[in-house]
Amino acid sequence: MSRFCLTLCAMQEDASPNLTAKSLACRRGDRLLFKGLSFAIAGGEVLHLTGANGTGKTTLIRTLAGLTTPFAGEVERVGAVGLVDERPALDPDLALGRALAFWHRVDGCSDPSEALAVLGLEPLLEVPVRYLSTGQRKRAGLAALLNRGAPIWLLDEPLSGLDVAAIEQVTALIADHVSGGGIALIASHQTLKIDGLRTLELGEYVPTQEPA
């Protein structure tokens, strides 16, 4: 599995990837989720985003991906972003093989077979996406990510719904991506066994409530 995601399709940019948040604040409705968040991740680094439910982990990831506008601060990215969350961006009415083929055409991936084999998806290619389990959909999203060649991975609970063997496999793929010069930011309630892992506790940036 060594260098899998780099030999499958080269990363899209030659420049070293970078992901930076500067004095970031995000809201959900009228509620300020967090403020004053700053960090930088360079190529070859992995960051574990932790925090209780409701602290804004998913909002932060969507903001870093450019899908949500921050309330304050800014995000800087060097390199294409690949996002995997609970929504695999696959047409639920299509068979998995056809749904993935749409992204293979968009991303210019000429040989997706290795990602499908590594993630154990080959027996599921004729199954409609709507009938896949949570873990199977998560692996399908990861297969699309591997074939995208994006140097920056934003992963929201990538291990949820996976069995022990699949967790070890996905963790190894993330570690391989990072060791090859990629970036990974991972929101997860589970322990991650990846060399050089840094942790960012989002709860430390949640504003305190003023007494009435």
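In case you missed it, the structure is sitting above this.
Below you will find a few notes about this structure.

### Quick notes on the sheet that holds strand 2 (residues 31–42)
- What the three strands build is an open sheet, ordered 2-1-4; its pairing is antiparallel. Here the strands that pair on one side only, and so sit at the sheet edges, are strand 2 and strand 4 (72–78). Across this sheet, the average inter-strand angle for adjacent strands is 20 degrees, counted without regard to direction.
- In the packing of helix 2 (residues 57–64) onto the sheet, the strands contacted are strand 1 (18–28), strand 2 and strand 4, and the crossing angle to strand 1 comes to about 130 degrees.

### Topic: the nonpolar core
- Formed by 34 residues in total, the largest nonpolar core has its most connected members in Leu96, Leu119, Leu121, Ile174 and Ile186.
- Once you skip the residues sitting within four places of it in the chain, leucine 119 turns out to touch Arg139, Leu142, Ala143, Leu146, Gln169, Val170 and Leu173.
- Within the second largest apolar cluster, 21 residues are counted, among which are Leu19, Leu47, Leu49 and Leu185.

### Side note on the packing of aromatic side chains
- Evaluated as defined, the whole model comprises one aromatic pair.
- Pairing phenylalanine 102 with tryptophan 103 gives two aromatic rings, centres 5.0 Å apart and planes at 80 degrees, and the pair type is edge-to-face.
- In this structure phenylalanine 102 comes out as partly exposed when scored by relative accessible area, which is 41%.
- When the ring centre of phenylalanine 71 is taken as origin, the NZ or CZ atom of arginine 27, which lies over that ring, is 4.8 Å away.
- Stacked on the ring of tryptophan 103, the Lys or Arg arginine 148 has its end atom at 5.7 Å from the ring centre.

Rules used throughout
Residues numbered from 1 in each chain as written. Predicted model: local features only at pLDDT ≥ 70, side-chain atom pairs only at ≥ 80, totals over all residues. Heavy atoms only, no water. Pairing = 2+ DSSP bridges. Helix = DSSP H or I, 4+ residues; strand = E, 2+ residues; numbered from the N terminus. Axes fitted to C-alpha atoms, helices over the stretch in contact; angles between N-to-C directions. Contact = heavy atoms within 4.5 Å. Core = buried A, V, L, I, M, F, W, Y, C linked by side-chain atoms within 4.5 Å. Buried < 20%, exposed > 50% of the residue type's maximum accessible area, 1.4 Å probe, protein only. Phe/Tyr/Trp six-rings, centres within 6.5 Å; stacked < 30°, edge-to-face > 60°. Lys NZ or Arg CZ within 6 Å of the ring centre and 35° of its normal.

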